[in-house]
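In case you want the letters, here they are:
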Amino acid sequence: FKSLKKKTLEEAILRPFGEIAGALLERNYIVANDAYLKTAIGNAAWPIGVTMVGIHARTGREKLFAHNVAHVLNDEVQRKYLQAIKRLMTFAQRHFPTDPSKSVEYNA
């Protein structure tokens, strides 16, 4: 958490953390979880299966490449931040319950 103290945390990770924190304060754990997942894995298509069949390219093939991939997990420090945020999200939901429509199901 040295980069937080030095105020050198990357914008790509800082903005989603603010969104997650805001949702947690409102006890809207579904919104917080959605923001967490978007930060962790992004919106990139997952290259599962065959991308080329015959002479025609697969529909949406251009979505499979690097510019759509969440690079947050490539950095060890940012990965640890995400892990800590997920633990805080789980802790908050267990200790500050809310309406079930705003909760993420977990096996406690």
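Before going into details, it helps to say that this report is about the structure given with it. Quantities reported herein were computed from a predicted structural model and do not represent experimental measurements. (Residues numbered from 1 in each chain as written. Predicted model: local features only at pLDDT ≥ 70, side-chain atom pairs only at ≥ 80, totals over all residues. Heavy atoms only, no water.)

## Looking at helix H4 (residues 76–95)
- Given a rise of 1.5 Å per residue, 20 residues ought to cover 28 Å, and the 29 Å separating the end C-alpha atoms of H4 matches this to within 8%.
- Inspection of H4 places Gln 78, Tyr 81, Leu 82, Ile 85, Met 89, Ala 92 and Gln 93 among the buried residues, and these make up the whole buried set. Angularly, the buried residues of H4 cover 105 degrees about the axis, an arc narrow enough to put them on a single face. (Helix = DSSP H or I, 4+ residues; strand = E, 2+ residues; numbered from the N terminus. Expected span 1.5 Å × (residues − 1). Buried < 20%, exposed > 50% of the residue type's maximum accessible area, 1.4 Å probe, protein only. Arc of directions from axis to C-beta.)

## Remarks on helix H2 (residues 11–25)
- With 15 residues, H2 extends 21 Å from end C-alpha to end C-alpha; this agrees with the ideal 21 Å at 1.5 Å per step.
- Among all positions of H2, only Ile 13, Pro 16, Phe 17, Ile 20, Ala 23 and Leu 24 are buried. Along the axis of H2, the buried residues cluster in a sector spanning 125 degrees; they form a single face. Away from its buried face by more than 90 degrees, H2 exposes Arg 15 and Leu 25.
- Taken together, the buried residues of H2 touch helix H3 (29–41) and H4.
- Arg 27, located one to two residues past H2, shows a positive phi value of around 60 degrees. (Contact = heavy atoms within 4.5 Å.)

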